[in-house]
Amino acid sequence: MGEEVDAQEFSRADRTRHREKVRRCLDVFARMLRDAHFDTDDPMVGLEVELNLVDESGDPALKNVEALERIADPDFVTELGQFNLEINVPPGKLRDGALSTFEKTLRSSLNDAEQKSSEVGAHLVMIGILPTLAEGDLGIDSITPNPRYRLLSEQIMAARGEDITIAIGGPERLGTTADSILPEAACTSFQIHVQTSPEQFAAYWNASQAISAIQVALGANSPYLLGKELWRETRIPLFEQATDTRSEELKAQGVRPRVWFGERWINSVFDLFEENVRYFPALLPITDDEDPLEVLEDGGVPHLSELRLHNGTIYRWNRPVYDIAAGVPHLRVENRCLGAGPTVADMMANAAFYFGLVRHLAESERPLWSQMSFSAAEENFHVAAEHGIETQVYWPGVGQVRVTELVLRKLLPMARLGLEAWGVPDEECARMLEIIEGRCLSGVNGSEWFTRRMHDRSDLDRYDALRTTLGEYREQMHANRPVHTWE
């Protein structure tokens with residue numbers, strides 16, 4: 001989301017020209033998928049973590065620009081809200097110990113960033129939604145001063161034509177409105193990237209969709225928003241509502257939302273890019289001078305800037321990515337369904353479980369998605385977001401089953417086989433998956449821990465309890481012990 005763009009207004013001619021260019025990019029992309037060489041020989045994986053900034057009392061600190069100046073590390077960038085940062089971890093190969101390298105890199109970088117950002121009164125917190133956020137923190141004045149963010153907010157609000165309504169149930173109920181997309185800034189995620197060939201992309205994306213519910217149930221870490229206990233992974237409905245460009249009438253007509261699980265299993269990565277172009281008008285109709293067909297026919301690699309920018313404004317929970325590294329194009333699945341935190345150890349375990357399980361399922365002789373309707377996968381996903389680690393899901397050959405039982409009996413062995421296929425060292429594999437096993441056996445993830453501690457403090461003012469619990473959470477986060485071991 002943080003790609004730089006200039007502040008500007010768009011004319012009708014801009015939108016017409018952009019639509020034509022996006023379709024030209026799509027045609028060139030189709031030709032590349034048939035004829036071009038993609039980087040597929042030795043797939044890379046990568047991670048991104050979005051972070052919150054808080055002050056000494058645990059309230060949001062609107063200081064990301066000042067914090068970045070002190071951190072002075074190009075791996076850290078801004079995000080939508082002034083209380084957000086993001087760290088991009090350099091990619092690696094799983095067979096070369098990437099998981100351990102990611103873990104060391106993240107811990108070192110985050111510890112250094114915490115020390116430097118604290119000099120301006122800002123402390124890092126990895127959690128799916130900062131529980132101490134209040135409605136006053138989500139106004140337009142909290143937006144990061146990058147023209148893209150304000151432009152994106154303006155375009156979404158203009159397309160919608162009215163304020164955004166946030167309505168989420170759960171143990172308690174929340175109803176509020178917003179005059180910008182700032183509520184989206186409350187959602188901080190842990191994003192996992194896996195590179196794949198054009199031929200295998202559909203299998204990896206389908207597998208990612210099928211297991212997203214399991215990931216969300218095990219990793220739920222967003223139980224509170226604006227002082228209310230809501231879904232165990234409240235990020236999911238909040239993100240879906242906060243960037244919705246549709247009026248109530250368009251929703252009733254069945255117009256597709258921009259935050260989207262999808263509606264079908266796919267046969268090619270082209271299916272997703274083509275859907276994005278066919279179903280969604282451009283939010284940022286910025287057009288450059290590249291002729292992608294000319295570049296391709298001259299032996300170059302087209303950037304397809306318009307197609308990529310458009311793709312970046314459609315928020316699939318598993319997003320297709322076209323990118324270029326060292327002059328060679330490649331494809332990635334960007335898995336976006338998990339919230340940040342609670343610890344680096346927990347996030348690495350979540351990543352290992354995903355990498356192992358998605359590979360095993362993607363390369364199975366009988367695809368899981370041939371045995372499961374897409375609507376069942378989508379229903380699993382939202383039920384898991386609401387109920388977290390206590391969720392029951394539908395699974396082929398099993399029927400309705402508790403997520404923890406399914407993981408312990410079937411999915412952990414699959415994930416182990418997948419990690420072995422990646423070449424992950426045995427010790428690394430065992431250490432990461434033992435965290436997932438411990439979480440299942442104890443029934444404790446980030447959301448369960450946080451809500452239980454909050455219930456223990458039910459006699460306190462709600463925000464005092466949230467600040468106190470968040471302070472305890474931060475201490476445990478820095479200790480880097482998996483959340484199921486917290487006392």
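Let us look at the structure shown here. Owing to the predicted nature of the structure, the values given are computational and were not obtained by experimental measurement. (Residues numbered from 1 in each chain as written. Predicted model: local features only at pLDDT ≥ 70, side-chain atom pairs only at ≥ 80, totals over all residues. Heavy atoms only, no water.)

1. Quick word on helix H3 (residues 98-117)
Reasoning step 1: Here H3 is 20 residues long and its end C-alpha atoms lie 27 Å apart, about the 28 Å a rise of 1.5 Å per residue gives.
Reasoning step 2: Restricting attention to buried positions, one finds in H3 the residues Ala98, Leu99, Phe102, Glu103, Leu106, Ser109, Leu110, Ala113, Glu114 and Ser117. Along H3, the residues classed as buried sweep out an arc of 150° about the axis, all on the same side. (Helix = DSSP H or I, 4+ residues; strand = E, 2+ residues; numbered from the N terminus. Expected span 1.5 Å × (residues − 1). Buried < 20%, exposed > 50% of the residue type's maximum accessible area, 1.4 Å probe, protein only. Arc of directions from axis to C-beta.)

2. Let's talk about the pattern of salt bridges
Reasoning step 1: Applying the stated rule across the entire model yields 37 salt bridges.
Reasoning step 2: Between Asp14 and Arg17 there is a salt bridge, with the nearest N and O atoms lying 2.7 Å from each other. With a gap of 3 residues between them, Asp14 and Arg17 both fall in helix H1 (residues 12-35), about one helical turn apart.
Reasoning step 3: Under the relative-accessibility criterion, Arg17 is labelled partly exposed at 43%.
Reasoning step 4: Residues Asp323 and Arg332 are paired through a salt bridge, measuring 3.2 Å at the closest nitrogen-oxygen approach. (Salt bridge = Lys/Arg side-chain N within 4 Å of Asp/Glu carboxyl O.)

3. Some words on the state of the cysteines
Reasoning step 1: Under the definition given, this model contains 0 disulfides.
Reasoning step 2: Note on Cys187: no disulfide assigned, nearest cysteine sulfur contributed by Cys337 at a separation of 13 Å.
Reasoning step 3: Overall, the relative accessible area of 8% leaves Cys187 in the buried class.
Reasoning step 4: For Cys440, which is in no disulfide, the shortest distance to another cysteine sulfur is to Cys429 and amounts to 15 Å.
Reasoning step 5: Look at Cys440 and you get buried, because its relative accessible area is 6%. (Disulfide = S-S within 2.5 Å.)

4. Focus on the environment of Asn84
Reasoning step 1: Relative to the assigned elements, Asn84 resides in strand S3 (residues 84-92).
Reasoning step 2: If we skip the residues at most four places from it in the chain, Asn84 touches Leu51, Asn52, Asn64, Glu79, Ala185 and Thr188.
Reasoning step 3: Here the side chain of Asn84 touches Ala185 through a polar contact of 3.3 Å, landing on its backbone oxygen. (Contact = heavy atoms within 4.5 Å. Polar contact = N/O pair within 3.5 Å; in protein donor to acceptor, adjacent residues only side chain to side chain.)

5. Quick look at the nonpolar core
Reasoning step 1: Ranked by internal contacts, the top residues of the largest apolar core, which has 158 residues, are Ile214, Phe353, Phe355 and Val407.
Reasoning step 2: Here this core gets 14 residues from one element, more than from any other, and that element is helix H11 (residues 344-362).
Reasoning step 3: Not counting the four nearest positions on each side in its chain, Phe355 is found in contact with Val45, Gly46, Leu94, Leu99, Ile192, His193, Val194, Leu419 and Trp422. (Core = buried A, V, L, I, M, F, W, Y, C linked by side-chain atoms within 4.5 Å.)

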